Structure formats: C-alpha cells, structure tokens
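A look at the structure
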Amino acid sequence: MAQVNGETETVVRRLRDGMAGGVLSFPLTSFHEDGSLDPDGFRTHVAAQTATAPGAIFPACGTGEFFSLDEDEYRQVVTIAVEEAAGRVPVVAGVGYGWAQAARFARIAEEAGADALLVLPHYLVAAPQDGLVAQLEQLATRTRLPLIAYQRGQVAYTASSLRRIAGIPGVIGLKDGHSDLDRLQRLTLAAPEGFLFFNGASTAEIQARAYATVGVPAYSSAVHAFAPELANAFFAALRDGDDKTIEKLLREFYVPFVELRDRVPGYAVSLVKAAARLRGRPVGPVRAPLTDPTAADLADLTALLTTGLDLVGAAL
C-alpha cells in the first residue's frame, strides 16, 4: 500500500479494529410513501444500527439505494450518518458513476464528515484494466478521503491491477462482490501488507467461512439492517469457530432467505427493506426501478423472519 498520511492511517486502523469486532453495516435509506426522502426516519434507523455495535457504517451504498439519490439527498444521508455515528464507528460513504460524478459526491461526503469512501462500480460500460485503474487514480486526486474499491459486475481486478491500485495514494482496500475465490486468493497474495479486504457478496454470511479461508474474514451484512440479533449471532459463531451454530443459522434462515431473495431481481434490497418495515423500522418503500415484494412473498418473508429471530431468542 502506498505511503499514507496520519489521517488515512487512523482510518485504516479504525476500520481494521471494527472489522475484527463486528459486521459492516449498510443502512437503508428511508423514503416516505410518495418517494421523497425521510430524513427523520433515516436518523432513527441509523441510530438503531449504530447501537448494535457494527464494525463500521456504510451509508448511501447499494443497500442504501445510492443510485436513486440526488446530490442534496446524498448530503442529508451522509450528514445524518456521521452525526449518529458520533465518532464511535467509521462512516464510509458510497460514491459512484464515472470519476467526474464520483468526485462531486466525494466532495459532499468530505464536507459532511465521512471518514472514507466506497467506490461503487462505474456506470454501464465494460472497461479494460488500465481504465479501471485510471478511474481510481482520477478520483484519488480529487479527494482527501481514503478510497475502498468495490469489484462487482463489470469491475474485476487482476492481481497486476490490484498491485497498481494499492499503490495509489489513498486507496486502502477492496470490497469483493464476485465470490470468485480463486481470483480473490490471487488478489490477497498480490496485495501489500496492511491492505484491507471485505467480503461484499450478497447475503455475505452464506460464503463467510469460504472467504475467511482465503484471508478475508470481514464482511458486510444486509441482514444487520433488519435483524442485528441474527447478524451478530452469526458473526459471534464465525469468530468462535462454532460450526454447529453457523450451520443451524444457515440452514434455517440464511439459505431460505437467499432463495426468497432470488425470486425477483432487486429483492436483495427490496426484501431487506420489507423485513425492516416488518420490525417497525421507519425505512419506507424502495424507489423505482426497484419494486416492493408481492403479498405472497411478504407472507413468506414474515414467516421466515419469525423463524430466524426465534433461533436467537428474539421476536418480530
């Protein structure tokens, strides 16, 4: 990893400590029924998230429907997250699209007090490795905040490119959403000492043990947004090597949840929001082009969530 300044070194240390102590939380963005932003609902939601000891808070990312936020809404979301985290956990804001637009969001996040940025996959086009590296180089020169690259969809780094991005001042880590463990092992071996890696697979708990075997134990948890009791119980079991509990939670909750999630495109967010609403969280509906679950799927979700919470002694 390129030489870092004191502020970046502090962020890296706080993230590493947080990753060792809890899941990475990706809060939902709250909307009113008419689709407008609900700042008060979001504040309540983030306050509840930070009270359950996550390793870090990642507002305005994929689960937070970054793609649907305008710049003013984004500013409100990141500002509220920073205020509610109150320095207790790092706040890593999502940025995306091309580097020019990402830089606009980066400036907003910096002004709002975020600690770092998660660079979401760029918009639409496929790109060669040189272009993927250049995207981060361009953004890194336009923000003082540390950057975590996110490989998913059309973004997939080679080991050679990983060494290049790790040498960009300010680039501190990689979140992986491809679940290609052969490629990921090559990346972890190519990375310099101190470079951070995160498991960013959808419903990451399903593959958490496999990721840990290639040196990536830290993971994001969408389940934490609606059932921190379940997310934290799974994290504790993984940390303690409690395979019996892990397999019980996987078999009776996580695998059925993934099967329900896979019924409809976009349910990776829509189901999470619906589950949060079932628990009284003021998160509201999803914005188009996502759609809320059908009545039948919502009934199945209610039954599954009841079962999952019962596994950890909690109630709907």
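Just above sits the structure.
Throughout what follows, the structure given in this document is the object of discussion. Quantities reported herein were computed from a predicted structural model and do not represent experimental measurements.

Within the protein chain one finds twelve helices and eight strands. Here the C-alpha radius of gyration of the protein chain, 18 Å, is about what a compact globule of 316 residues would show, namely 20 Å. Judged by the C-alpha coordinates and their principal axes, the protein chain covers about 50 × 45 × 35 Å. By the burial criterion, 53% of the 316 residues in the protein chain qualify as buried. Put simply, 72% of the contacts in the protein chain that link residues at least 6 apart link residues at least 24 apart.

Moving on, we get to helix 12 (residues 295–311). With 17 residues, helix 12 extends 25 Å from end C-alpha to end C-alpha; this agrees with the ideal 24 Å at 1.5 Å per step. Buried residues of helix 12: Asp297, Leu301, Leu304, Leu305, Gly308 and Leu309, and no others. Down the axis of helix 12, the sector holding all buried residues measures 130 degrees, keeping them to one side. What points out from helix 12, more than 90 degrees from its buried face, is the exposed set Ala295, Ala296 and Asp310. Among the structural elements, helix 9 (228–240), helix 10 (243–261) and helix 11 (267–278) are those in contact with the buried residues of helix 12. Directly after helix 12, the chain includes Gly313, whose backbone phi takes a positive value near 75 degrees.

This part is about the pairing of strand 3 (residues 92–95). Residues Val92 and Gly94 of strand 3 are buried on one face, and the alternating residues Ala93 and Val95, pointing to the opposite face, are buried as well. Pairing of strand 3 with strand 4 (residues 116–119), which is carried by four bridges, proceeds in the parallel orientation. Opposite Val92, over in strand 4, you have Ala116 as the bridge partner. You can see the chain leave strand 3, run along helix 4 (residues 99–112) and come back into strand 4, and the turn it takes is right-handed.

Let us look at the sheet that holds strand 2 (residues 56–57). The strands making up a sheet associate through backbone hydrogen bonding, with each pair oriented either parallel or antiparallel. Strand order in the open sheet formed by three strands is 2-1-8, and the pairing between neighbours is parallel. The open sheet has two edge strands with one neighbour each: strand 2 and strand 8 (220–221). As paired strands, strand 1 (residues 24–25) and strand 2 are joined by two bridges and run parallel to one another. Its bridge partner being in strand 2, Leu24 is matched across the sheet by Ala56.

Right, let's get into the environment of Leu305. With respect to the secondary-structure elements, Leu305 resides in helix 12. Looking at Leu305, the relative accessible area reads 1%, which means it is buried. Leu305 sits 44 residues away from Arg261 along the chain, and the two C-alpha atoms are 13 Å apart. Filtering out sequence-adjacent residues up to four positions away, Leu305 remains in contact with Phe226, Ala227, Phe253, Ala275, Leu278, Arg279 and Leu316.

Under the counting rule described, the total for this entry stands at 14 aromatic pairs. A ring pair is formed by Phe253 and Tyr254, whose centres lie 5.1 Å apart and whose planes are at 80 degrees; its orientation type is edge-to-face. Each member of the pair, Phe253 as well as Tyr254, is classed as buried. Here a set of aromatic residues connected by ring pairs shows up, and it is made of Tyr219, Phe226, Phe234, Phe235, Phe253, Tyr254 and Phe257. The positively charged end of Lys175 is found above the aromatic ring belonging to Tyr150, 4.4 Å away from the centroid.

Here we take up helix 7 (residues 181–190). For an α-helix, the turn length of 3.6 residues means that residues three or four places apart are oriented alike. Among the residues of helix 7, those classed as buried are Leu184, Leu187, Thr188 and Ala190. Down the axis of helix 7, the sector holding all buried residues measures 165 degrees, keeping them to one side. Residues of helix 7 that are exposed and point over 90 degrees away from its buried face: Arg186 and Leu189. Buried-residue contacts for helix 7 involve strand 5 (147–151), helix 6 (159–166), strand 6 (171–176), strand 7 (196–199) and helix 8 (208–213). Capping the start of helix 7 is the job of one residue whose side-chain oxygen sits 3.3 Å from the backbone nitrogen of Asp182: Asp180.

Quick notes on the rules
Counting starts from 1 at the beginning of each chain's written sequence and moves along it residue by residue. Residues qualify for local features only when their pLDDT is at least 70, as the model is predicted, and side-chain atom pairs are given and counted only at 80 or more; totals for whole chains, interfaces and linings, by contrast, use all residues. Working from all heavy atoms in the structure, the side-chain values ignore hydrogens and water. Secondary structure elements follow DSSP: runs of H or I of four or more residues count as helices, runs of E of two or more count as strands, with numbering from the N terminus. Our radius of gyration looks at C-alpha atoms and nothing else; its globule reference is 2.2 Å times the residue count to the power 0.38. Whether a residue is buried, partly exposed or exposed follows from its accessible area with a 1.4 Å probe, protein chains only, as a fraction of its type maximum: under 20%, in between, or over 50%, in that order. When checking whether two residues touch, look at their non-hydrogen atoms; a contact exists if any pair is within 4.5 Å. How far a helix is expected to stretch is found by multiplying one less than its residue total by 1.5 Å. Directions pointing from the helix axis toward each C-beta atom define the arc. When DSSP finds two or more bridges between two strands, those strands count as paired. When the strands point away from the viewer, a crossover counts as right-handed if the route from the first strand across the helix to the second turns clockwise. Any two of the Phe, Tyr and Trp rings considered here, Trp counted by its six-membered ring, make a pair once their centres fall within 6.5 Å; the pair's planes then place it as stacked at under 30 degrees, edge-to-face at over 60, or tilted in between. The criterion for a charge sitting over a ring is simple: Lys NZ or Arg CZ within 6 Å of the ring centre, and within 35 degrees of the ring normal. Within 3.5 Å is the distance limit for a polar contact, defined as a pair of N or O atoms, with the added protein rule that one can donate a hydrogen and the other accept it, and that residues adjacent in sequence qualify only through two side-chain atoms.

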